[in-house]
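Geometric and topological summary
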Amino acid sequence: MVVQELLNILGPGKVLTGASVSERYFHIWATQSGLQAAAVILPRSTSEVSHVLSICNKYVQPVIVHGGLTGLVGSTESEKEQIVISLEKMNSIEEIDTQSRTMTVQAGVILENIQEAAKSNGMLFPLNFGAKGSAHIGGAISTNAGGLRVFRYGQTRNLILGLEAVLADGTIISSMKKIIKDNSGYDVKQLFIGSEGTLGIVTKAVLRLQEAPQSRNSVIAALPNYKNVVAFLKFMDAGLAGTLSAFELLWPSYYESMTSDPAPFKPPIPHGYPYYVLLDSLASNRGKDKLRIEALLEHALENNLIIDAALAENESDQQWFWSIREQIEHLQPLLKNFQGFDISVPIPAIGTYINSLIETCDAIPEIEKIISFGHVADGNIHLIFGKSVQSPELVHRINKLVYLPLKELGGSISAEHGIGIDKKDYLYLSRSQNEIDLMKRLKKALDPNNILNPSRIFDM
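Residues numbered from 1 in each chain as written. Predicted model: local features only at pLDDT ≥ 70, side-chain atom pairs only at ≥ 80, totals over all residues. Heavy atoms only, no water.

1. Some words on the packing of aromatic side chains
We count it as follows: Pairing of aromatic rings covers Phe, Tyr and Trp, the last through its six-membered ring, and needs centres within 6.5 Å; plane angles under 30 degrees mean stacked, over 60 mean edge-to-face, and all others mean tilted. Put simply, DSSP marks the helices as runs of H or I at least four residues long and the strands as runs of E at least two long, and each gets a number from the N terminus on. When accessible area is computed with a 1.4 Å probe and restricted to protein chains, residues below 20% of their type maximum are described as buried, those above 50% as exposed, and intermediate ones as partly exposed.
Following the criterion strictly, the structure yields 10 aromatic pairs and no others. When the centroid spacing of 6.0 Å and the interplanar angle of 55 degrees are considered together, the rings of Phe232 and Phe247 count as tilted. Highlighted residues: Phe232 in helix α7 (residues 226-239) and Phe247 in strand β13 (residues 244-250), separated in sequence by 15 residues. Each of the two residues, Phe232 as well as Phe247, counts as buried. Every member of this aromatic cluster is reached through a ring pair, and the members are Phe341, Phe385, Tyr403 and Tyr426.

Dropping the structure here:
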């Protein structure tokens, strides 16, 4: 009945059923698995999203929200009786205002298109991560995505000035302001940023832009131990006077996998070092900025802070260096039965934590490979496990090995991908019971029928 009512209002072009549903998929890495859903809705405006949710709420019809399908916590999985709302058709950049330094976009705009539009107008939208060519800005907002430049520019939350979202009952909440400072009561938009579509569906946003940098310098360096990694971070951040924009740590398992056959990249510096750091500086004076970073690297080498380094000489080199970090899809053929993690660990504890975890996991025969890398400057580490078997018991065992130490360390089970379905059993390790209870009260207040992304984050 609900599908028929949606067909009557929106028309068949915006309501897919039958084979048109099963031809789709729930994740870009699971294209062989047909989507299960009663229907897929393709709205083209906020008002259409409002109509859809009003009808679904009336029938207590569960809804799963789809964006670019790049998430890693199971949030886009659906069941045959659920309805999927995909925002792929809401993909317009509505305005670029260089004087206010803002861009107004619909939720379905791909992140890389936003980056290119900003660049063509002499601006920078600093949010950046590997899935930028597929990920929608609405999904990034709903998960409060992080990425490669959080250290300097902050997470998605810091880049949103205005927001439009639709509540479960179809109510439109719109505050599309371009201003940075607004202390007029509760900052309601924050409810929807990072709540994984469980409190409302984000449909539009006003993004905060930066003036485009005139200079970029990229470096890859090798270091002898984790103590030096932390010291090098502090040294380069101080020496670059606020222009350090990314500081990525690559363990040998990652670096060697991404710079050996069948991966297409050559190593900028040799294999065999204990740690590799890839860093970026965005600044304003090409000549002076390069001389500054060369002097810093020379000092770091002379004082044994680093043991090798390569400085990108041109834009081609920069693309080469950063492709090694961003194009992680090249790891897929090397990893059977993929199991991935994005965790936060206090920076001083990362080295010991990873070493201990690897030592423990090396004793488990079913674990064939562990690859570690991440945004060490903000404490976010990614782990990928390759396994000889895919059993619930092994998945649970590895989850406990990764997650259980985080509570005592003051870390988090999710740095940037959210909780979704896959991590909800471990939410208690990062949030107190009082915090979880408050989240549930908010969910109950805004979505009393529990139709929006049900069973994500926690069960009601």
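Don't stop here, the text continues.
2. Here's the deal with the pairing of strand β10 (residues 201-208)
In summary, the side chains of a regular strand alternate between the two faces of the sheet. Keep this limit in mind: The criterion for strand pairing is that DSSP finds at least two bridges linking the strands in question.
In terms of residue burial, β10 counts as a mostly covered element, since 7 of its 8 residues are buried. Of the strand pairs in this sheet, strand β6 (residues 102-106) and β10 are connected by 5 bridges, and their pairing is antiparallel. For Met103, the partnering residue across the bridge sits in β10 and is Leu207.

3. Describing the packing of helix α1 (residues 2-10) against helix α3 (residues 46-58)
Here is the rule we go by: In this analysis, axes come from line fits to C-alpha atoms, helices being fitted only over the stretch in contact, and the angle between any two N-to-C directions falls in the range 0 to 180 degrees. Throughout, the term roughly parallel applies to angles under 35 degrees, roughly antiparallel to angles over 145, roughly perpendicular to angles from 65 to 115, and oblique to all others. If you view the pair so one helix is near and one far, a crossing is left-handed when the near helix is turned anticlockwise from the far one by less than a right angle, and right-handed when it is turned clockwise. Between two residues, a contact is recorded if the distance between any of their heavy atoms is within 4.5 Å.
Close contact between α1 and α3 brings their axes to 10 Å; oriented N to C, the two are set at 155 degrees. Relative to α3, the element α1 lies roughly antiparallel. Of the two elements, α1 crosses α3, and the hand of that crossing is right-handed. In contact with Val2, Glu5, Leu6, Ile9 and Leu10 of α1, α3 contributes Glu48, Val52, Ile55, Cys56 and Lys58.

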